[in-house]
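Listed here are the chains, written in short residue letters.
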Amino acid sequence: MENNKFEQMGDNHQMTSLKTPLRPDAFKKSDEEKIKVIQEHFHKIMEELGLDLTDDSLKGTPYRVAKMYVKELFMGLNPVNKPKLSVFDNKYDYNKMLVESDITFNSSCEHHFLPIVGKAHIGYVSSGKVIGLSKINRVVDYYAKRPQVQERMSMQIFSELKKVLETDNVIVVVEAEHLCVSTRGINDKTSKTTTIEYAGVFKDTAIRNDFFKLMNPK
């Protein structure tokens, strides 16, 4: 049964590619056109659930959900929203590790469209380029704001920072709670998922352990 296969894939949190799966025509429609279509479809979903859309509290919900999907939760799908990532020459010759930890993010599981809530911890050692701290946060936010699988999100952040910093000396750790685990299926309220990706100097166990100490200094 195909639906059983879909259920199993979702519960196993499988991903099929590093790139977020998008159709070639994904951005032919404007945001406003997409909001209009999603609003109509979500109106029908609410009707099928038996909700009374003439109620003052509910009548605006289809529009609010549609706008939220396009302009907020999934704005990271559209490459026009990709942050401009200016880097600078490392003129002060800082050649040790830089760590930015506890970067909060909100994403959405692509299998159930339920929230993924967590923190990212980023480290890098400059090979000649440095990046503003807020830009690291923006990279995390951009890749979080799309339907995601946590492994893919970690790798996308990692690849983007390697490319812009022109170095392999990058490490990314993502810790998150998945509401598709805590509010459905197994209904586990306490589990957390951790993913890690690294290269360059972080292949050295001692350097990687230094990162972990800075990531959790308590």
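Calculation notes
Residues numbered from 1 in each chain as written. Predicted model: local features only at pLDDT ≥ 70, side-chain atom pairs only at ≥ 80, totals over all residues. Heavy atoms only, no water. Pairing = 2+ DSSP bridges. Helix = DSSP H or I, 4+ residues; strand = E, 2+ residues; numbered from the N terminus. Contact = heavy atoms within 4.5 Å. Axes fitted to C-alpha atoms, helices over the stretch in contact; angles between N-to-C directions. Core = buried A, V, L, I, M, F, W, Y, C linked by side-chain atoms within 4.5 Å. Buried < 20%, exposed > 50% of the residue type's maximum accessible area, 1.4 Å probe, protein only. Expected span 1.5 Å × (residues − 1). Patch = residues over 30% accessible without salt bridge, like charges linked within 9 Å, V, L, I, M, F, W, Y side chains within 5 Å. Areas by Shrake-Rupley, 256 points an atom, 1.4 Å probe, with all protein chains shown as cover. Salt bridge = Lys/Arg side-chain N within 4 Å of Asp/Glu carboxyl O. Parallel < 35°, antiparallel > 145°, perpendicular 65-115°, else oblique. Left-handed = near helix turned anticlockwise from the far one by under 90°. Nonpolar A, V, L, I, M, F, W, Y, C, P; charged D, E, K, R; others polar. Phe/Tyr/Trp six-rings, centres within 6.5 Å; stacked < 30°, edge-to-face > 60°.

Visitor: Can you explain the sheet that holds strand E7 (residues 193–198)? Please cite residues and give values.
Guide: Taking strand neighbours across the sheet as the criterion, the 5 strands line up as E5-E2-E3-E6-E7 in an open arrangement whose pairing is mixed. Edge strands, defined here as strands with exactly one partner in the open sheet, are strand E5 (147–148) and E7. Pairing geometry for strand E3 (residues 115–125) and strand E6 (residues 170–178), over 9 bridges, is antiparallel. Bridge assignment links Gly123 to a residue of E6, and that residue is Ile171. Packing of helix H5 (residues 150–165) onto the sheet brings it into contact with strand E2 (97–109), E3, E5, E6 and E7, and relative to E6 it is tilted by some 155°. Across the sheet, helix H7 (residues 205–215) lies against E2, E3, E6 and E7, angled at about 70° from E2, the strand it touches most.

Visitor: For the nonpolar core, give the residues involved together with the corresponding values.
Guide: The nonpolar side chains of a soluble globular protein tend to be buried with one another. Of all hydrophobic cores here, the largest spans 28 residues; its most connected members are Phe105, Ile122, Val140, Ile157 and Leu161. Sequence-distant contacts of Ile157, that is, excluding residues within four places in its chain, are made with Ile122, Val139, Val140, Tyr143 and Val172. Formed by 7 residues, the second largest nonpolar core is a distinct cluster that contains Met97, Val173, Phe202 and Phe211.

Visitor: Can you break down H5 residue by residue, with the values?
Guide: Given a rise of 1.5 Å per residue, 16 residues ought to cover 22 Å, and the 23 Å separating the end C-alpha atoms of H5 matches this to within 8%. Turning to H5, its buried residues are Gln150, Arg152, Met153, Ser154, Gln156, Ile157, Phe158, Glu160, Leu161, Val164 and Leu165. Residue Glu166 follows H5 closely and has a positive phi angle near 55°.

Visitor: Could you give me a rundown of a nonpolar patch on the surface, with the residues and numbers involved?
Guide: Nonpolar side chains collect at one region of the surface, where Ile45, Leu49 and Leu51 lie side by side and expose about 290 Å² of accessible area between them. Residue classification places Leu49 among the exposed positions, given a relative accessible area of 64%.

Visitor: Now, about the packing of helix H2 (residues 31–48) against helix H3 (residues 61–73): what can you tell me, with residues and values included?
Guide: Relative to each other, H2 and H3 sit at 135°, their axes nearing to 8 Å. Considering their axes alone, H2 and H3 lie oblique with respect to each other. The handedness of the crossing between H2 and H3 comes out as right-handed. Only Thr61, Pro62, Tyr63, Val65, Ala66, Lys67, Tyr69, Val70 and Lys71 of H3 make contact with H2, whose side of the interface consists of Asp31, Glu32, Lys34, Ile35, Ile38, Gln39, Phe42, His43 and Met46. Considering only residue class, the contact of H2 with H3 consists of 10 nonpolar, 3 polar and 5 charged.

Visitor: Report on the packing of aromatic side chains, specifying residues and quantitative values.
Guide: Under the criterion given, the structure shown has 6 aromatic pairs. Considering the side-chain rings of Tyr142 and Tyr143, the 4.9 Å spacing of their centres and the 70° angle between planes classify their relative orientation as edge-to-face. Side by side, Tyr142 and Tyr143 carry an identical accessibility label, which is buried. Aromatic pair Phe202 and Phe211: ring centres 6.2 Å apart, planes at 75°, arrangement edge-to-face. Given the relative accessible area of 0%, Phe202 is considered buried. Through a chain of ring-to-ring contacts, three or more aromatic side chains come together here, namely Tyr69, Phe74 and Phe113.

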